[in-house]
Amino acid sequence: MVKSPSFSCSACGSVTTKWAGRCESCGEWNTISEDAGISKGPAKSLGGKRGASVKLTSLSTEEAPPPRTTCGIKELDRVLGGGLVAASAILVGGDPGIGKSTLLLQAAAQFARSGLKTIYVSGEEASAQVRMRAQRLGLTDAPVQLAAETNLRDILTTLEAEKPQLAIIDSIQTMWADNVDSAPGSVSQVRAAAHELTSFAKRKGISVILVGHVTKEGQIAGPRVVEHMVDTVLYFEGERGHQFRILRAVKNRFGPADEIGVFEMTGSGLDEVANPSALFLSERGTPSPGSVVFAGVEGTRPVLVEFQALVSPSPHAQARRTVVGWDGGRLAMILAVLEARCGIPFAGLDVYLNVAGGMKVSEPAADLAVAAALLSAREDAALPADTVVFGEISLSGALRPATQTENRLKEAQKLGFTSAIAAKGGKAVGVSGITLNTMPDLTGFVGEIFGAG
Ligand code: TYD
Ligand code: MG
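Model, not experiment: these values are computed from the prediction.

### Describing the environment of Arg253
Okay, so step 1: Note on placement: Arg253 falls in the loop between β12 (244-252) and β13 (260-266).
Okay, so step 2: Setting aside its immediate chain neighbours within four residues, Arg253 contacts His228, Val230, Asp231 and Thr232.

### With respect to the UniProt feature "binding site: ATP" (unreviewed entry) in the protein chain
Okay, so step 1: The sites that UniProt annotates as "binding site: ATP" (unreviewed entry) are Gly94, Asp95, Pro96, Gly97, Ile98, Gly99, Lys100 and Ser101.
Okay, so step 2: Within the secondary structure, Ile98 sits in the loop between β6 (89-94) and α3 (100-113).
Okay, so step 3: Beyond its immediate chain neighbours, meaning those up to four positions away, Ile98 contacts Phe236, Glu237, Gly238, Arg245 and Met265.
Okay, so step 4: Within the secondary structure layout, Lys100 lies in helix α3.
Okay, so step 5: Among all residues touching Lys100, those that are not within four sequence positions of it are Val92, Gly93, Gly94, Asp95, Val211, Gly212, His213 and Phe236.

### What about the site of ligand 1?
Okay, so step 1: For ligand 1, the set of nearby residues contains 16 residues, the closest of which are Gly97, Ser101, Thr102, Thr266 and Gly269.
Okay, so step 2: In the model, an oxygen atom of ligand 1 is placed 3.1 Å from a nitrogen or oxygen of the Arg133 side chain.
Okay, so step 3: A distance of 3.2 Å is found between a nitrogen atom of ligand 1 and a side-chain nitrogen or oxygen belonging to Arg136.
Okay, so step 4: A total of 560 Å² of accessible area belongs to ligand 1 in isolation, and the protein chains cover 74% of it.
Okay, so step 5: Listing elements by their share of the shell around ligand 1, those giving two or more residues are α3, α4 (127-137) and β13.
Okay, so step 6: By residue class, the composition of the shell around ligand 1 is 4 nonpolar, 8 polar and 4 charged.

### Topic: the pairing of strand β9 (residues 166-170)
Okay, so step 1: Burial within β9 is extensive, with 5 of its 5 residues counted as buried.
Okay, so step 2: By the alternation rule, side chains of β9 split into Leu166, Ile168 and Asp170 and Ala167 and Ile169, which are all buried.
Okay, so step 3: This β-α-β element, β9 to helix α6 (residues 187-204) to strand β10 (residues 207-213), shows right-handed connectivity.

### What to know about the domain arrangement of the protein chain
It is common to give the size of an interface as the accessible area that goes away when the parts come together.
Okay, so step 1: Examined at the domain level, the protein chain breaks down into domain 1 (1-35), domain 2 (68-274) and domain 3 (279-450).
Okay, so step 2: The gap between the C-alpha centroids of domain 1 and domain 2 is 32 Å.

### So, the side chain of Asp170
Okay, so step 1: By the secondary structure assignment, Asp170 is in strand β9.
Okay, so step 2: One buried charge, Asp170, has no salt-bridge partner; the nearest side chain with opposite charge is Arg133, at 6.3 Å.
Okay, so step 3: For Asp170, the side chain forms a polar contact with the side chain of Tyr120, separated by 2.7 Å.
Okay, so step 4: Residues in contact with Asp170, not counting those within four places in the same chain, are Ser101, Tyr120, Val121, Ser122, Gly123, Glu124 and Val211.

### A few points about the packing of aromatic side chains
Okay, so step 1: Per the stated rule, a full pass over the model turns up 4 aromatic pairs.
Okay, so step 2: Considering the side-chain rings of Phe244 and Phe280, the 6.2 Å spacing of their centres and the 90° angle between planes classify their relative orientation as edge-to-face. Taken together, the residues span a long stretch of sequence, with Phe244 in strand β12 and Phe280 in helix α8 (residues 276-280) at a distance of 36 residues. Assigned by exposure class, Phe244 and Phe280 land together as buried.
Okay, so step 3: Note that Arg378 overlies the ring of Phe346, its terminal NZ or CZ placed 5.5 Å from the centroid.

### A short note on the nonpolar core
Okay, so step 1: In this structure, Phe307, Trp326, Leu374 and Leu442 are the most contacted members of the largest nonpolar core, which totals 66 residues.
Okay, so step 2: Counting residues domain by domain, this core receives three or more from each of domain 2 (68-274) and domain 3 (279-450).
Okay, so step 3: Not counting residues within four places of it along the chain, the set of residues in contact with Trp326 comprises Phe307, Leu331, Ile334, Leu353, Val355, Val361, Glu363, Ala366, Asp367 and Val370.
Okay, so step 4: One finds Ile73, Val130, Leu166 and Phe263 within the second-largest nonpolar core, a separate group that totals 33 residues.

### Observations concerning the packing of helix α9 (residues 328-342) against helix α10 (residues 367-379)
How two helices sit against one another is set out by the angle between their axes and by the gap between those axes.
Okay, so step 1: As a packed pair, α9 and α10 sit with axes 10 Å apart at the nearest point and diverge in direction by 65°. The interaxial crossing formed by α9 with α10 has right-handed handedness. On α10, the residues that touch Arg330, Leu331, Met333, Ile334, Leu335 and Leu338 of α9 are Asp367, Val370, Ala371, Leu374 and Leu375.
Okay, so step 2: Residue classes in the contact of α9 with α10 are distributed as 9 nonpolar, no polar and 2 charged.

Definitions and limits used
- Residues numbered from 1 in each chain as written.
- Chains lettered and ligands numbered in written order.
- Predicted model: local features only at pLDDT ≥ 70, side-chain atom pairs only at ≥ 80, totals over all residues.
- Heavy atoms only, no water.
- Helix = DSSP H or I, 4+ residues; strand = E, 2+ residues; numbered from the N terminus.
- Contact = heavy atoms within 4.5 Å.
- UniProt positions renumbered as here; feature names shortened; annotations may be inferred.
- Near = heavy atom within 4 Å.
- Polar contact = N/O pair within 3.5 Å; in protein donor to acceptor, adjacent residues only side chain to side chain.
- Areas by Shrake-Rupley, 256 points an atom, 1.4 Å probe, with all protein chains shown as cover.
- Nonpolar A, V, L, I, M, F, W, Y, C, P; charged D, E, K, R; others polar.
- Buried < 20%, exposed > 50% of the residue type's maximum accessible area, 1.4 Å probe, protein only.
- Right-handed = clockwise from strand over helix to strand, strands pointing away.
- Domains from an automatic or database assignment.
- Lys, Arg positive; Asp, Glu negative; His and termini not counted.
- Salt bridge = Lys/Arg side-chain N within 4 Å of Asp/Glu carboxyl O.
- Phe/Tyr/Trp six-rings, centres within 6.5 Å; stacked < 30°, edge-to-face > 60°.
- Lys NZ or Arg CZ within 6 Å of the ring centre and 35° of its normal.
- Core = buried A, V, L, I, M, F, W, Y, C linked by side-chain atoms within 4.5 Å.
- Axes fitted to C-alpha atoms, helices over the stretch in contact; angles between N-to-C directions.
- Left-handed = near helix turned anticlockwise from the far one by under 90°.

Rendered as structure tokens:
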């Protein structure tokens, strides 16, 4: 069978069946070319020669857990799944200036102090700049070896000779592989460099941490193309105006995904935040309309955050919907359910929703807290200050119970809350010191909390 030819874009990597002057995915001109080899059928491209048979094993073969090293920065160790796995490849992505280099220099120093031979390769800053940063962070005594280099071939040769246990590459966008015919930072360069580094790491038993910049517009060849090559993908996020930084595992072959580590950027580097709930709620004053505390779970850890809503008559023909820290589509859905199932219209009203502290929430269990914040803002009635809310809302207006109820309640109780509103159903749990009030649907919730239907 003859397959249709395949073409791919050298800028974004998207594959098409037709040649075109301009890539439809990224808009670049003259980047599409035919993929040699792939256009032929698989049997033919392998030349019809027989290969050696591959050794097969059963699933029951005993495997020891992979050896891990902890660095002592607990927030980082936990996000890695309990420390750094030997010979693993990790990508740390994030906006420029968010603190990736700072985090990784601190991590490099800690891993080196824990006995791992560590090399830090900076392609962005001169060695003197990195040393100045180390001085500011109080890390000059750590046995980290430093290099300022972008030539991938030279870096691999050096790593091969030095045999470190951990190599940090800051950043993958600055690496230049001389066998690839495009500029550093382009998708083909990033992909080639990441492939070389990760396969080298696996072969030689070195752990590598790659730093990758992402831009909101995705203009620079993003680390997205690297994600499938590495074992672990961590994103470092935060709002520029806030000191809080969140390190989030979005993929981890060696531990739970969705785990977060919370840090605070100070004048002398990143400090761990051991109790993020207390931090996120620290700015909360007296109970005010529109403010609701959501008992959330991030990975294995419960985290309380405050949702703030503001609802006001709109002067515009089309009312505004502005969201920070939560999904805009999900907000639209909750507004629609409130209108269709509970008869509470938001037409002609501007709606602003914000997660306090610069945290991003993606759990569907936050639905009920969002609805509560919207209603509280609309009715100008504050919820009791000692109450947390969680539960998912379905399109029918029914409430679905959240996972890890006990974890959420315990965290709320620890922070001084005495009651919780959640969805009916799921496993019955009780935590002393906290009254759990469960509801089957949104209408019931509205009636109970705001005395309206
Ligand atoms: P950096 O780690 O260079 O970011 P990235 O590598 O992600 O581009 O951090 C840059 C910001 O962090 C910079 O604006 C200054 C600030 N910063 C501090 O506030 N305190 C510190 O101790 C350090 C080293 C940086
Ligand atoms: Mg940097």
